[in-house]
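Fold and geometry: a report
Listed here are the chains, written in short residue letters.
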Amino acid sequence: MIIMKTDATQEQIAQVVKEIKKYGLRADVSRGAYRTVIGLVGDETRIPFDHFAVLPGVREVRMVDIPYKLISREYSKSFEGLEHMVIKVGTIEIGGKEPVFIAGPCAVESKAQLMKIAEGVKKAGAHILRGGIFKPRSSVHSFQGLGAGGQEEAEEALEWLREAGEKFELPVITEVRGETQVDLVAEYVDIIQIGARNMYDQDLLTQVAKKGKPVLLKRHFGAGIEEFLSFTEYIAAEGNKDIVLCERGIVPVGKGRSYTRYVLDLASVPAIQKETYLPVIVDPSHATGRRDLIFNMSCAAIAAGASGLMIEVHYNPVEALVDAQQQITPDELKDVIDACRRINKVVVSERNEGV
Ligand code: PEP
Ligand code: MN
């Protein structure tokens, strides 16, 4: 990380960037209120740091020994940058004072199904509509989402998603599972989701990041927090810092039945917030796999400081083609949202009082 002097000129900053490129690295230029900081992106072993320390306008060259420096608090603090990233999606703010609710079916099944659910979640108070079109499934013999039907069917389902979003004034999000889907999906959605199973796919992360749209990255169920943030850095390294992190549970431990699909690691929410300025949301649906636990765990997630929730919703959950056991109805979603808003008020005011 190269910290420029407060009176460094644009030319001096440009000169440092040019030098960085000469060594085959990229530069992440962050301008704060008083000074500019330049983060190096790439293989740092190629860099003669002493050379940079004596360039005109450079105040200090500091080693940041963390694998996720661009999204770290240490980095943003160094140029007096933001403390909390607020990601704007239309009129919605993710990471602001109010929690954001992303809701919709696990999988888009038909236009009628999606429209009905979109109307329901809007009425319940949700802000963003979700709907899976390319579904990650454990078995090749189960429904893979409409996207598996080929380009035409995928596009049709994406059209429905956009139409539902426009009709009910909800920005939309869907998951990309592979690099071949990125260009198509990016044309239709407001936020691109990368699912838990693909958190480790650095090529997918890079390609999605390049679209310049907000990205929602889910934590892999076997990933530690440092790993999660290290892979998030692949998105930030492309100059795209509109990233929402999503905790969705990690693998259960011990013998016998675990009674939840995954273990919802709620301590990760404040732990991640200590490390990064990016907003963190929670998905209680995939974490618990049980509709009867969604209310409690949603409340707990907001109390833990989450900036929002992603919840699977269906007007008749048992009928859902995917994840029937964990979807809630729009009426139940309304109860969740109302309770979470009340909890958030308490939590925010307590925080303001320094508790
Ligand atoms: C999803 O949100 O549709 C999903 C498949 O979740 P995850 O990637 O967390 O399993
Ligand atoms: Mn699902």
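Criteria and cut-off values
Going along each chain's sequence as written, the residues are numbered from 1 onward. Labels follow written order: the first chain is A, the first ligand is 1, and so on. Note on the predicted model: pLDDT of at least 70 is required for a residue's local features to be given, and 80 or more for side-chain atom pairs to be given and counted; whole-chain, interface and lining totals, by contrast, use all residues. Water and hydrogen atoms play no part in the side-chain values, which are based on all heavy atoms of the structure. The criterion for a residue being near a molecule or strand is simple. One of its heavy atoms has to lie within 4 Å of it. For this analysis, a polar contact is any N or O atom pair within 3.5 Å, provided that within protein one partner can donate a hydrogen and the other can accept it, and provided that sequence-adjacent residues contribute only side-chain to side-chain pairs. Only the protein chains shown count as cover for residues, with accessible areas throughout obtained via the Shrake-Rupley method and a probe of 1.4 Å. Classification convention: Asp, Glu, Lys, Arg as charged; Ala, Val, Leu, Ile, Met, Phe, Trp, Tyr, Cys, Pro as nonpolar; all other residues, Gly among them, as polar. If DSSP finds at least two bridges between two strands, the strands pair. Labels follow the DSSP assignment, with helices taken as runs of H or I lasting at least four residues and strands as runs of E lasting at least two, numbered in each case from the N terminus. A fitted line through C-alpha atoms represents every axis, and for helices the fit uses only the stretch in contact; the resulting angles, taken between N-to-C directions, go from 0 to 180 degrees. Whether two residues are in contact is decided by their heavy atoms: any pair within 4.5 Å suffices. Either an automatic procedure or a domain database provided the assignment from which the domain bounds are taken. Note: buried area is the sum, over both parts, of the accessible area (probe 1.4 Å) each one loses when the two are combined. Within this document, salt bridges are pairs made up of a side-chain nitrogen of Lys or Arg and a carboxyl oxygen of Asp or Glu, the two lying within 4 Å of each other. Donors, by definition, are the N, O and S atoms found within 2.8 Å of a metal, the threshold being 3.2 Å for Na, K and Ca, and water is not counted, so a site can look incomplete. Exposure classes here rest on a 1.4 Å probe applied to the protein chains alone. A residue is buried below 20% of its type maximum, exposed above 50%, and partly exposed in between.

What follows covers the site of ligand 1. In the vicinity of ligand 1, the residues found are Arg130, Lys135, Pro136, Glu175, Gln193, Gly195, Ala196, Arg197, Lys218, Arg248 and His286. Between an oxygen atom of ligand 1 and a main-chain N or O atom of Ala196, the distance comes to 2.8 Å. Arg248 is positioned such that a nitrogen or oxygen atom in its side chain is 2.6 Å from an oxygen atom of ligand 1. Compared with its free state, where it exposes 290 Å², ligand 1 has 97% of that area covered by protein. Of the residues that constitute the shell around ligand 1, the class distribution is 2 nonpolar, 3 polar and 6 charged.

Within a beta sheet, neighbouring strands are joined by backbone hydrogen bonds and run either parallel or antiparallel to one another. Spatially, 4 strands are ordered S2-S3-S1-S4 in an open sheet, and the strand pairing comes out antiparallel. Every interior strand has two partners, whereas the edge strands, strand S2 (26–31) and strand S4 (58–61), have only one. Across the sheet, the mean angle from the axis of one strand to that of its neighbour is 20°, orientation sign disregarded. Relative to strand S3 (residues 36–41), strand S1 (residues 2–4) runs antiparallel, the two sharing 2 bridges. Bridge pairing in S3 places Ile2 opposite Ile38. Set on the sheet, helix H1 (residues 10–22) makes contact with S1, S2, S3 and S4; between it and S2 the angle comes to about 155°.

The next thing to look at is the domain arrangement of the chain. On domain assignment, one finds that the chain holds domain 1 (2–63) and domain 2 (87–354). In this structure, domain 1 and domain 2 have C-alpha centres spaced 36 Å apart. In this assembly, 4 residues from domain 1 lie in contact with 4 residues from domain 2. Summing both sides of the interface, domain 1 and domain 2 together bury roughly 260 Å²; the carbon and sulfur share of this comes to 27%. By the criterion of area lost to domain 2, the three top residues of domain 1 are Arg26, Asp28 and Val41, representing 94% of everything that side buries. Here domain 1 and domain 2 share 2 salt bridges between them. A salt bridge links Asp28 to Lys241, with the nearest nitrogen and oxygen atoms 2.9 Å apart. Counting across the interface, domain 1 meets domain 2 through 3 residue pairs in polar contact (both at pLDDT 80 or more). Here the element with the most residues in the side of domain 1 that touches domain 2 is S2; it accounts for 3 residues. Class assignment for the residues of the side of domain 1 that touches domain 2 results in 1 nonpolar, 1 polar and 2 charged.

Time to look at the coordination of the manganese ion (ligand 2). All of the protein donors around the manganese ion (ligand 2) are Cys106 (SG), His286 (NE2), Glu312 (OE) and Asp323 (OD); their distances to the metal are 2.0 to 2.3 Å. Counting gaps between the donor residues of the manganese ion (ligand 2) yields the pattern C-x179-H-x25-E-x10-D. Here Glu312 is found in strand S14 (residues 308–312), whereas its partner Asp323 is found in the loop between S14 and helix H12 (330–352), with 11 residues between them in sequence. Residue class for Glu312 comes out buried when judged on its relative accessible area of 1%.

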